[in-house]
There are 2 protein chains.
Amino acid sequence: MQPDQRRAKRLPRAVRERQIMDAAVDVFSRLGFHAASMDEISEVAGISKPMLYAYLGSKEELFATCIRREATRMMEAISGGIEPDQTPDVQLWSGLRAFFGFVGENRASWQVLHRQASTQGGPFAIELTDMRGRAVALVAALLAQSTKAAPSTQLEAESLAAALVGAGESLADWWLDHPDEPAGVVAARLMNLVWMGFGDLVDGNIWHPPSRRPGAQ
Amino acid sequence: MQPDQRRAKRLPRAVRERQIMDAAVDVFSRLGFHAASMDEISEVAGISKPMLYAYLGSKEELFATCIRREATRMMEAISGGIEPDQTPDVQLWSGLRAFFGFVGENRASWQVLHRQASTQGGPFAIELTDMRGRAVALVAALLAQSTKAAPSTQLEAESLAAALVGAGESLADWWLDHPDEPAGVVAARLMNLVWMGFGDLVDGNIWHPPSRRPGAQ
DNA sequence: TCCTGTACCTACTCACGAGTAAGACTACTG
DNA sequence: CAGTAGTCTTACTCGTGAGTAGGTACAGGA
């Protein structure tokens, strides 16, 4: 109880809100929505519970706000990583790298986004579905570029995009349990799987970026 | 309160246990582990709470038992669907069909297995990891058959198997939100994606089973 | 120096849910 | 019909966690 035990007193609202959001993402990602308590979030954030309610509203509002913030951060990271005037395979490659790069550096964000939000019903799933919809649209547009030739592509591209996004999601989940692998390796693995297919891979044909540096990552 | 409001009175223990398990899978799949209450499970099962505790133990024990039962059912469905003396691609195809067939007919089981169990820590994740490990081993063995030719296959096959299993898991999740698609179509889509790859698909090369009936499903 | 607003707290209320105590009802066995 | 084993219930205890009441402390302006 020394007077010097400064808890960074009397900060402006915007700063506190960021601290609270960071704490909330941390706690939600570790415990899940239901098991997380507002008491613990306020403790991690270094403030008291009434502040939390005054600034961010109820537990549900806080969770929804977390999802929106992290979803926005991630989609910006991905679309920022794509170079639009490259060939489709290179665009896909850079998108995958951006995605796994983001997940690698923001594991808590990914936890709260994918594993938590998708298991809670109600408004949360809506936010999530919205983000996934944007990701699928991004990939579908990219695939549609590749398939100008083929005939019945519009719907087919979209469902394949959904499968690819799903594969990315679950490979990211798998990666959470195998954190030793570098991001580039995981991304390259998925790239090869979806671009070449096992049928080619067993013949030794692998995909690689158009030679800047031979090694991955 | 008519005396005729028979709640199927005084059944033997084994029958009650099955009813309770079914109710538990239903409630857990709808609400998740934490939000599900033992009161609701007992109500759905048509018995009172103390019976539930007497027969299946605590909430955590009940949940773990659910996971074990559903995981076993699913793995049996899959390995029962594979014909071991076929070529690797056909084996993979029949495995995928068995998997999506099971999920389609047991949506609640899949919910509780994948979406719920994977987000809860502790003993549940262990059960789940165990099941996934068996699935990955199954697929990895299958892939290893295909790649006798290639050199550095042992570890590579295993990680590709993990990616494939992950892709299947998340495609099944996606399917939960698009229940109108038939199981065979979803399975065929994943089969094409992982066996042919986009690189072939954009050229119009699709994989199909070695002609019994031309149409899928 | 008083005044007002914003940051911030302690200490509650209240509902809900896990788990239990204690016994009642039924069926079978002798 | 008494006894016993197993089925089943009502009616609790008790902890935990969401949300709030009612304040204190500090900062800046008059």
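Now for a description of the structure that goes with this document. (Residues numbered from 1 in each chain as written. Chains lettered and ligands numbered in written order. Predicted model: local features only at pLDDT ≥ 70, side-chain atom pairs only at ≥ 80, totals over all residues. Heavy atoms only, no water.)

**Looking at the interface of chain A and chain B**
So, point 1. With 30 residues of chain A in contact, the opposing surface of chain B contributes 30 residues.
So, point 2. For the pairing of chain A and chain B, the buried interface totals around 3000 Å² over both sides, and the portion due to carbon and sulfur atoms is 69%.
So, point 3. Here chain A and chain B share 0 salt bridges between them.
So, point 4. Inspection of the chain A/chain B interface yields 2 residue pairs in polar contact (both at pLDDT 80 or more).
So, point 5. Of all the elements in the fold, those that place two or more residues in the side of chain A that touches chain B are helix 6 (107–116), helix 7 (122–146), helix 8 (153–176), helix 9 (183–195) and helix 10 (197–201) of chain A.
So, point 6. The element best represented in the side of chain A that touches chain B is helix 8 of chain A, accounting for 10 residues.
So, point 7. Grouping the amino acids of the side of chain A that touches chain B by side-chain chemistry returns 16 nonpolar, 11 polar and 3 charged. (Contact = heavy atoms within 4.5 Å. Buried area = accessible area lost by both parts, 1.4 Å probe. Salt bridge = Lys/Arg side-chain N within 4 Å of Asp/Glu carboxyl O. Polar contact = N/O pair within 3.5 Å; in protein donor to acceptor, adjacent residues only side chain to side chain. Helix = DSSP H or I, 4+ residues; strand = E, 2+ residues; numbered from the N terminus. Nonpolar A, V, L, I, M, F, W, Y, C, P; charged D, E, K, R; others polar.)

**Brief notes about the protein's contact with DNA strand C**
So, point 1. Around DNA strand C, 21 residues are found, and the nearest of them are Arg-10 and Leu-11 of chain A together with Arg-10, Met-38 and Lys-49 of chain B.
So, point 2. Sugar and phosphate atoms form 57% of the subset of DNA strand C atoms that lie within 4 Å of the protein.
So, point 3. Residue Ala-36 of chain B places a main-chain N or O atom 3.2 Å away from a phosphate oxygen belonging to DNA strand C.
So, point 4. Residue assignment for the surface near DNA strand C shows that the elements contributing at least two residues are helix 1 (13–31) and helix 3 (49–56) of chain A together with helix 2 (38–45) and helix 3 (49–56) of chain B.
So, point 5. Taken together, the residues of the surface near DNA strand C break down into 9 nonpolar, 3 polar and 9 charged. (Near = heavy atom within 4 Å.)

**Remarks on the pattern of salt bridges**
So, point 1. Per the counting criterion, the structure on display carries 22 salt bridges over all chains.
So, point 2. Asp-130 of chain A serves as the salt-bridge partner of Arg-134 of chain A, at 3.3 Å between the closest nitrogen and oxygen. One end of the pair is Arg-134 of chain A and the other is Asp-130 of chain A, both in helix 7 and 4 residues apart, which spans about a single turn.
So, point 3. Close ionic contact of Arg-132 of chain B with Glu-169 of chain B constitutes a salt bridge, the shortest N to O distance being 2.9 Å. Note that Arg-132 of chain B is positioned in helix 7 (residues 122–146) and Glu-169 of chain B in helix 8 (residues 153–176), a separation of 37 residues in sequence.
So, point 4. Judged by relative accessible area, Arg-132 of chain B falls into the buried class, the value being 19%. (Buried < 20%, exposed > 50% of the residue type's maximum accessible area, 1.4 Å probe, protein only.)

Limitation: the analysis is restricted to geometry and does not speak to function.
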